[in-house]
Every structure is written in structure tokens, then in C-alpha cells.
Amino acid sequence: MSTPDVVPVNLAEIARIAGVGRAAVSNWRRRHDSFPTRIGGTDVSPQFSLAEVEQWLRDNGKLRDVGGKELLWPRFELLGSRNESGLAVAEAARRMRSSRARISHPELSPQARELVAEAAKLGRAEGPRDTFEFLLQRWLETHVRQLSTTPPPLATLMTRIALTARLGPQNGGLTVLDPACGTGHLAAAAAQEYDAPGLELLACERDPALAALASARLGFVADDRHIRTRIATADALREDPFTGAKADIALCNPPFNERDWGYEELATDQRWTHGLPPRTEPELAWVQHLLSHLRPGGVAVVVLPPAVASRKAGRRIRGSLLRTGALRAVVSLPPGSAQPHSVSLQLWVLRAAADGPAAPPPSQDALLVDATGFARPGTREPSPDWDALGSFVLTALATLDHSDQEPPESAVRVPLLDLLDDEVDVTPGRYTASASEPSSKELANKWSEFGALLSDLADQAQHLSVLDVETGTQQTTTTVGDLVKAGALTLRTGQQPPEKSAPVSGNAVPLLTIADLLLDGAPSALLATQSAHTLAEKGDVVVAGVTRAFKAWVHEGAPMALGPQLYTLRVDSEKLDPHFLAGCLSAPANGRQAGTHASSSSRVDIRRLQVLQLPLEKQMVYADAFRRLRAFEALVARAERSGQGLVSDMSDRLAAGGLAT
């Protein structure tokens with residue numbers, strides 16, 4: 001594909017185009033005099049001509065498996081305006097689906113129209129839906145600070161909750177409504193989860209670019225499944241485009257904390273059956289809007305900020321929602337479930353009263369679910385364990401209409417009489433904390449386990465304390481680099497996983513990264529075994545080459561892929577003992593000496609790490625001492641966690657007057 005215009009791209013974009021890491025592009029730039037010269041940007045963030053980069057990559061055989069859409073996106077980005085680039089992507093999708101489609105956005109510039117035509121042609125050649133999804137994802141990533149989207153795992157969970165909780169006929173078609181649809185994540189999830197015929201998707205979005213992208217996305221869904229779709233561009237609160245329409249399921253992630261939501265002009269609106277939402281409670285306006293569109297027995301699942309559950313201004317409406325049985329459950333999500341990622345958002349599960357002889361009696365309680373414990377806080381922003389989170393929430397929601405079934409731990413069914421107090425606070429953590437307290441027997445078992453830990457700790461301390469450790473001795477040492485040259489060990493460096501990884505199958509290997517080590521030490525991703533990658537096998541020594549995460553250990557278990565700044569050392573068993581090597585390398589002073597800078601974010605030069613020069617027999621003695629030291633370290637960490645838990649449990653008991661006197 002030719003790119004005649006001067007389109008600037010940075011190093012990260014070149015890495016995407018070539019399907020490599022950014023470090024590889026930096027290496028090309030240093031090693032090859034023929035690499036294109038900078039046309040803009042700064043020394044830290046240089047920019048290059050896309051046409052020159054494309055030609056260089058082709059000439060050097062580095063574009064073998066890259067499709068044209070990788071080269072197409074920078075030109076969309078060059079359009080500059082968020083709205084114009086979004087409308088252009090949506091228009092290209094329409095043209096991909098039908099080459100005869102007339103342009104629906106005449107405000108697009110000539111440059112954008114030309115790009116739309118080229119993108120449509122490329123999409124029809126490389127796959128319309130894949131091309132559109134690629135362009136949409138890049139657009140969302142580029143404008144992530146200006147947009148709030150619903151992550152696909154959360155959209156899937158919300159859909160499953162709604163399908164589980166709704167009453168009435170389970171066949172004969174399904175109508176799904178999203179009155180603030182963004183780019184259509186929730187509606188697309190509903191189409192994926194409901195595979196029966198007769199699905200109708202109703203969606204509304206006030207932002208024209210987002211509405212156009214949602215229409216394009218759902219257009220592909222409709223083509224695949226013969227689904228009826230209606231997407232409107234409007235403010236659903238002020239100008240409801242679906243007045244009178246009824247849905248079986250409503251899903252919504254509405255805008256938060258908007259004061260200008262229409263309080264004055266909507267003061268007498270008929271949707272406010274539970275009370276006029278205060279100016280400061282726009283979220284409760286969205287809640288009542290969703291309820292007004294539900295059929296009897298229909299369910300709405302809405303994402304809300306946690307303050308909506310307890311703010312004084314909304315207590316009257318919350319009380320009405322509870323008394324009428326409309327608010328059936330509240331789920332506190334872990335931080336990182338959706339934007340803003342630092343907040344523990346909530347899912348409110350609302351249901352319209354069912355009719356007919358099979359309708360359940362009026363509800364006398366509400367289900368409150370605290371799922372915040374499924375957080376996986378990372379180094380930058382947290383992310384939930386979606387599989388475990390989804391399983392837990394759906395298990396809890398399965399007990400919603402079965403008073404004879406106990407919800408799982410961290411979920412509790414609270415009588416309405418306990419909720420309808422002066423505050424009407426429906427925050428799950430307020431009620432699940434007492435429900436999850438350990439019983440007296442469980443508390444006694446925890447003390448017993450803690451005592452056993454202290455006993456094991458004392459045993460290890462006894463062994464270590466009698467070791468004859470001399471000070472001031474000068475032993476001969478060598479470096480990892482010298483051991484590599486001598487053939488005593490093989491050093492391999494971890495790699496950045498490919499952005500376009502092969503499909504993960506049942507025989508995938510776990511991928512360990514530095515971020516995982518800073519979290520809990522467990523690999524958080526999988527990598528296809530057919531991917532060329534550095535693997536640590538049983539008996540290899542693994543070293544983390546970053547000061548803040550510096551450690552070395554002998555890998556046990558199945559093969560594991562290593563990410564950047566992780567290294568694997570495979571020893572010659574006739575020359576080195578792996579536990580001896582790991583013990584020498586993991587010494588904190590060793591890491592500091594081999595660090596490249598003084599800061600905690602600096603790298604550790606693995607080849608400079610020092611290793612004692614000892615015969616194999618003496619290495620075995622040191623290896624045993626190192627193993628005991630690591631066991632002692634693990635016991636100290638376990639005892640600390642166990643002790644902190646006991647302090648917390650006992651403090652709660654004592655503060656509640658639980659001491660027998």
C-alpha cells in the first residue's frame with residue numbers, strides 16, 4: 001500500500017507496524033545508517049515519515065506478515081479531530097459492508113473522504129469486520145483520556161447478570177436497551193451472549209462520533225445474526241428516542257456526576273415514579289429512565305459510582321426503590337473494573353415487578369454483594385481477576401429469588417427493615433463485613449495455624465543461628481559473564497511478547513513479567529507455545545534484572561515464558577549447583593553493586609553479578625544453607641500475613657464487645 005503524503009509516525013507506531021517491540025526499532029535506528037531520518041518531534045520522541053519507514057521496512061524484509069491496516073491507521077490519526085477521525089472510521093465501516101452506500105456524513109473533509117474510500121477498499125480485501133475492529137480499537141486507544149468505555153469482560157458480566165435475573169418467558173425473542181451506548185460495547189456483548197433468534201437491540205448516544213461508531217459495530221453484528229438494530233443520536237434523558245418502547249433487558253454505563261442533565265426542564269417528567277432526582281443525583285435519573293422502559297419482570301443492570309449508594313440527597317429515592325422491590329441487588333466491583341479505575345464502582349440490579357399468576361411475592365430483602373476482594377492491583381492501574389469475579393457474582397445472583405439458599409461468603413441478603421433506616425445506605429461492604437467474620441471455632445483454628453507457623457519459624461531459626469558465619473573473609477569470586485564465557489552456564493534474556501500473538505490453545509505456557517513479580521509473583525498471562533520465546537525450565541535459575549524487583553530463584557514446575565528484564569541461567573550440573581548460584585545472585589548487596597543507577601527503577605547488569613568460586617562439594621553445603629534461608633523468608637512472610645489477619649479479626653471482636661467477662 002502506498003502512502004504518498006508525509007504522515008508522521010513515532011517509534012511506538014513503527015513497532016506496531018513491524019510487529020516488534022519498541023526496543024527493536026531503537027536498535028534498527030542505531031545499527032542501520034539507512035534507517036529514515038527524523039522529520040519532527042524531539043530527541044526523546046522522534047517522528048519519521050510513514051512512507052519512508054514503510055519503504056525501509058520492505059527493503060529490509062521486516063513487513064512479511066503485516067496487513068495494510070497497520071499502515072492505514074496513522075493517516076486516520078493525522079486527521080487530528082477526534083470527531084472527524086471517529087466519523088471517518090464509522091463511514092469506512094459502512095462502505096466496507098456495502099460499496100454502494102452513500103456517504104452519511106457530508107461534513108467530512110475531502111482528505112477524510114479519500115481515506116474512507118481507501119479504507120473501505122482495504123477492508124473488503126482483508127476482512128471488513130476485522131479491519132473495522134482494528135481501526136475502532138486504535139481510535140479508542142488514541143482518545144482514551146477523552147472517553148469512558150465499558151470493558152468487554154464487564155459488559156459480558158452485566159449481560160449474564162441480566163439474563164440470570166430476569167423473569168417471564170425465556171424464549172420468543174429479546175429486546176435489549178442501552179440509552180447511553182458509547183461505541184456499543186454493552187449491546188455487542190448482549191448479542192454475543194444471547195444466541196437465540198428474535199434479538200432486537202435499541203441503543204442511543206448523544207455524541208455523534210460515538211453513535212456512528214456504535215451503529216457501524218452493531219451493523220456488523222446485525223449482518224452476522226440477522227438482528228434488528230435501532231441506534232439513535234440523542235440525549236436519552238432530554239429527548240428519549242424510544243418513548244413507549246419496552247425492553248426485556250436494559251444495560252447502561254451512564255455518564256457520572258453531570259450537574260447539567262436536565263433537572264429544570266424534566267422536573268415534571270412521568271419517569272420519576274420514585275421521586276424527582278435532585279440536581280446532584282443524575283445517576284438516579286438514569287436508574288428511573290431504565291425502569292420506565294422495562295417490561296414486567298425485565299431487568300436493568302447499571303454501572304454507578306459508589307457514592308450513589310449512600311449520598312444523603314438520594315436516600316428518599318433509594319428507599320422507594322427498595323420498598324417497591326425495584327432494587328434487587330447491589331454489587332461492589334473491585335477497583336480497575338472500569339473507568340475511573342481507582343474507584344470501586346457498583347452494579348445495581350433493578351427489576352420491574354412481574355405480573356401473572358407465576359409472579360413471585362413482593363421482595364422482603366435485597367442482595368448485597370461485596371466483590372472488591374477480586375482485585376489484582378498492578379503497578380500502574382489495577383485489574384480484576386475477571387474469571388473468578390464473574391463466577392462469584394453469578395453464583396451470588398443465582399440465590400436472588402431463593403430465600404432457602406444461602407449466598408456465598410462476602411454476599412448477604414439484607415431485610416428491607418434493616419436497610420430502610422435514616423440513611424438508606426446500600427453499600428455492600430457495610431453489611432458483608434459482619435457476615436464474613438470468622439466463627440469462634442474458625443478463629444481458634446487461625447490461632448492454632450499461627451502457632452504452628454511460629455514453631456516452624458523457630459526450627460528454621462535454630463538451624464540458621466548455629467551456622468558458623470565468619471565476617472571479614474575474602475573469598476575469590478567470578479562474574480556471571482565469566483561463567484558464560486567458561487561454558488559453566490547459558491544466559492538467555494526474556495522478551496517482549498508479540499502484540500499479535502498466536503491463538504492461545506490448551507497447551508499454552510504462563511508468561512511471567514516484572515509487573516507480576518511486583519504484584520504477587522504469579523504469572524498473569526498465557527502465551528502460545530508455538531511463539532518463539534525464552535522459556536525457563538525446571539532447574540533453571542531465573543533472575544529479575546530491575547532493582548525494585550531484584551531477586552533470583554530456582555524455577556520449579558512446568559516451563560514458563562519470561563518477559564523483558566527477566567533472565568534464565570541454565571547451569572552445567574558438573575560445574576555449578578543451581579541453588580548455590582541462585583543464593584549467590586540474590587544477595588541484596590550483589591544487586592546493588594551490579595545496578596546501573598542509584599534509583600529503584602534502574603536495571604541490574606546480570607553479567608556483573610558476583611558468584612563465589614567454590615568446588616562443587618562445597619557448593620552443595622552453601623546450597624543447603626541458601627535453601628533454609630529462603631524457607632525462613634517464606635515463613636516470616638506467612639507469619640506476618642497470618643498475624644495481621646488475627647489482629648484485624650480480634651480488633652473487630654473486641655470493639656464489638658465480644659470479650660467474655
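Let me sum up the structure you'll find in this document. (Residues numbered from 1 in each chain as written. Predicted model: local features only at pLDDT ≥ 70, side-chain atom pairs only at ≥ 80, totals over all residues. Heavy atoms only, no water.)

### Overview of the state of the cysteines
Scanning all chains against the criterion turns up zero disulfides. With no disulfide of its own, Cys204 lies closest to Cys181 among cysteine sulfurs, the gap being 6.9 Å. With a relative accessible area of 1%, Cys204 lands in the buried category. (Disulfide = S-S within 2.5 Å. Buried < 20%, exposed > 50% of the residue type's maximum accessible area, 1.4 Å probe, protein only.)

### Remarks on the pattern of salt bridges
For the coordinates displayed, the defined rule picks out 29 salt bridges. Between Asp223 and Arg97 there is a salt bridge; the shortest N-O distance is 2.7 Å. Of the two residues, Asp223 is situated in helix α10 (residues 208-225) and Arg97 in helix α5 (residues 82-97); the sequence distance between them amounts to 126 residues. Where Asp235 meets Arg206, a salt bridge forms, and the shortest distance between an N and an O atom there is 4.0 Å. A residue pair is termed long-range when its members are at least 10 positions apart, and Asp235 in the loop between β6 (228-233) and β7 (247-252) and Arg206 in the loop between β5 (199-205) and α10 qualify at 29 residues. Given the relative accessible area of 15%, Asp235 is considered buried. Residue classification places Arg206 among the partly exposed positions, given a relative accessible area of 41%. Linked through salt bridges whose partners overlap, the residues forming this network are Arg206, Asp235, Arg238, Glu258, Asp260 and Glu265. (Salt bridge = Lys/Arg side-chain N within 4 Å of Asp/Glu carboxyl O. Helix = DSSP H or I, 4+ residues; strand = E, 2+ residues; numbered from the N terminus.)

### A look at the nonpolar core
Residues Leu201, Leu251, Leu347, Val393 and Leu397 are the most contacted members of the largest nonpolar core, which totals 47 residues. Looking at which element gives the most residues to this core, the answer is helix α8 (residues 152-165), with seven residues. Those residues in contact with Leu397 that lie beyond four places of it in its chain are Ile161, Ala329, Val331, Val349, Leu367 and Val369. (Core = buried A, V, L, I, M, F, W, Y, C linked by side-chain atoms within 4.5 Å. Contact = heavy atoms within 4.5 Å.)

### Description of the environment of Leu167
For Leu167, the location among the structural elements is in the loop between α8 and β4 (174-178). For Leu167, a relative accessible area of 23% gives the class partly exposed. Excluding anything up to four places from it in sequence, Leu167 contacts Gly297, Arg351, Ala354, Pro360 and Asp401.

### Focus on helix α7 (residues 128-142)
Taking 1.5 Å as the rise per residue, α7 with 15 residues should run 21 Å; its terminal C-alpha atoms sit 21 Å apart, in good agreement. For α7, every residue scored as buried is listed here: Thr131, Phe132, Phe134, Leu135, Leu136, Arg138, Trp139 and Leu140. (Expected span 1.5 Å × (residues − 1).)

### Things to note about helix α21 (residues 616-655)
Compared with an ideal rise of 1.5 Å per residue, which puts 40 residues at 58 Å, α21 spans 58 Å between its outermost C-alpha atoms and is within 8% of the ideal. Restricting attention to buried positions, one finds in α21 the residues Gln619, Ala623, Phe626, Leu635, Ala639, Gly643, Leu646 and Asp649. Those residues of α21 that are buried lie in contact with α16 (440-465) and α19 (578-585). Just downstream of α21, Gly657 is the residue with a positive phi angle, here 80°.

### A short note on the sheet that holds strand β20 (residues 541-544)
Strand pairing in a sheet is mediated by backbone hydrogen bonds. Such pairs are either parallel or antiparallel. An order of β16-β23-β20-β21 is seen for the four strands of this open sheet, with the pairing classed as antiparallel. With partners counted over all chains shown, the strands left at the sheet margins are β16 (489-493) and β21 (551-554), one partner each. Here the strands of the sheet are splayed against their neighbours by 20° on average, with no regard to which way each runs. Bridging between β20 and strand β23 (residues 566-571) involves four bridges; their strand directions are antiparallel. Of the residues in β23, the one forming a bridge with Val542 is Thr568. (Pairing = 2+ DSSP bridges. Axes fitted to C-alpha atoms, helices over the stretch in contact; angles between N-to-C directions.)

### Remarks on the pairing of strand β8 (residues 294-304)
Burial analysis of β8 places nine of its eleven residues in the buried class, which makes it a mostly covered element. Direction of pairing for β7 relative to β8: parallel, over a ladder of five bridges. Bridged to Ile249 within β8 is Val299. After leaving β7, the chain enters helix α11 (residues 282-292) and then returns to the sheet as β8, a path that is right-handed. Pairing between β8 and strand β10 (residues 346-351): six bridges, direction antiparallel. Bridge pairing in β10 links Val299 to Arg351. (Right-handed = clockwise from strand over helix to strand, strands pointing away.)

### Points about the packing of α7 against α10
One way to put it is that α7 packs onto α10 with a least axis distance of 11 Å and a crossing angle of 155°. By the angle between their directions, the pair α7 and α10 is classed as roughly antiparallel. Here the hand of the crossing between α7 and α10 comes out left-handed. Of the residues in α10, those in contact with Pro128, Arg129, Phe132, Glu133, Leu136 and Trp139 of α7 are Leu210, Leu213, Ala216, Arg217, Phe220, Val221 and Asp224. Its residues assigned to classes, the contact of α7 with α10 comprises nine nonpolar, no polar and four charged. (Parallel < 35°, antiparallel > 145°, perpendicular 65-115°, else oblique. Left-handed = near helix turned anticlockwise from the far one by under 90°. Nonpolar A, V, L, I, M, F, W, Y, C, P; charged D, E, K, R; others polar.)

### A short note on the sheet that holds strand β2 (residues 40-41)
Read from one edge of the open sheet, three strands run β1-β3-β2, paired in antiparallel fashion. Either end of the sheet is taken by a strand with one partner, and the two such strands are β1 (8-10) and β2. As judged from the three bridges shared by β1 and strand β3 (residues 46-49), these two strands associate in the antiparallel manner. Looking at the pairing, Asn10 lines up with Gln47 of β3.

### Overview of the side chain of Arg351
Relative to the elements of secondary structure, Arg351 occurs in strand β10. For Arg351, the contacting residues outside a window of four places in its chain are Ala165, Leu167, Leu291, Gly297, Gly298, Val299, Gly325, Ala326, Arg328, Leu400 and Asp401.

### Brief notes about unusual backbone geometry
Of all residues except glycine, most have a negative phi; of all peptide bonds, most are trans. The omega torsion of the bond from Gln339 to Pro340 falls at -5°, within 30 degrees of zero and hence cis. Located in the positive-phi region is Val424, a residue other than glycine, with phi close to 50°. Locating Val424 in the fold gives a position in the loop between α14 (416-419) and α15 (428-435). A relative accessible area of 6% means that Val424 is categorised as buried. Phi at Gln565 takes a positive value of approximately 70°, unusual for a residue other than glycine. Note on placement: Gln565 falls in the loop between β22 (560-562) and β23. Owing to a relative accessible area of 32%, Gln565 belongs among the partly exposed residues under this scheme.

### Some thoughts on the pairing of β20
Alternating residues of β20 divide into Val541 and Val543 and Val542 and Ala544, and every residue in both groups is buried. Alignment of β20 against β21, held across four bridges, turns out to be antiparallel. Note on β21: the bridge partner recorded for Val541 is Val554.

### Re the packing of aromatic side chains
Scanning the entire structure with this criterion turns up ten aromatic pairs. Between Phe580 and Tyr622, the aromatic rings sit 6.2 Å apart at their centres with planes inclined by 80°, giving edge-to-face as the arrangement. Taken together, the positions of Phe580 in helix α19 and Tyr622 in helix α21 put the pair 42 residues apart, joining distant regions of the chain. For Phe580, a relative accessible area of 0% puts it in the buried group. Through pairs of rings, three or more aromatic residues link up here, namely Trp28, Phe35, Phe48 and Trp56. Directly above the ring of Trp553 sits Lys551, whose terminal nitrogen or CZ lies 5.1 Å from the centroid. (Phe/Tyr/Trp six-rings, centres within 6.5 Å; stacked < 30°, edge-to-face > 60°. Lys NZ or Arg CZ within 6 Å of the ring centre and 35° of its normal.)

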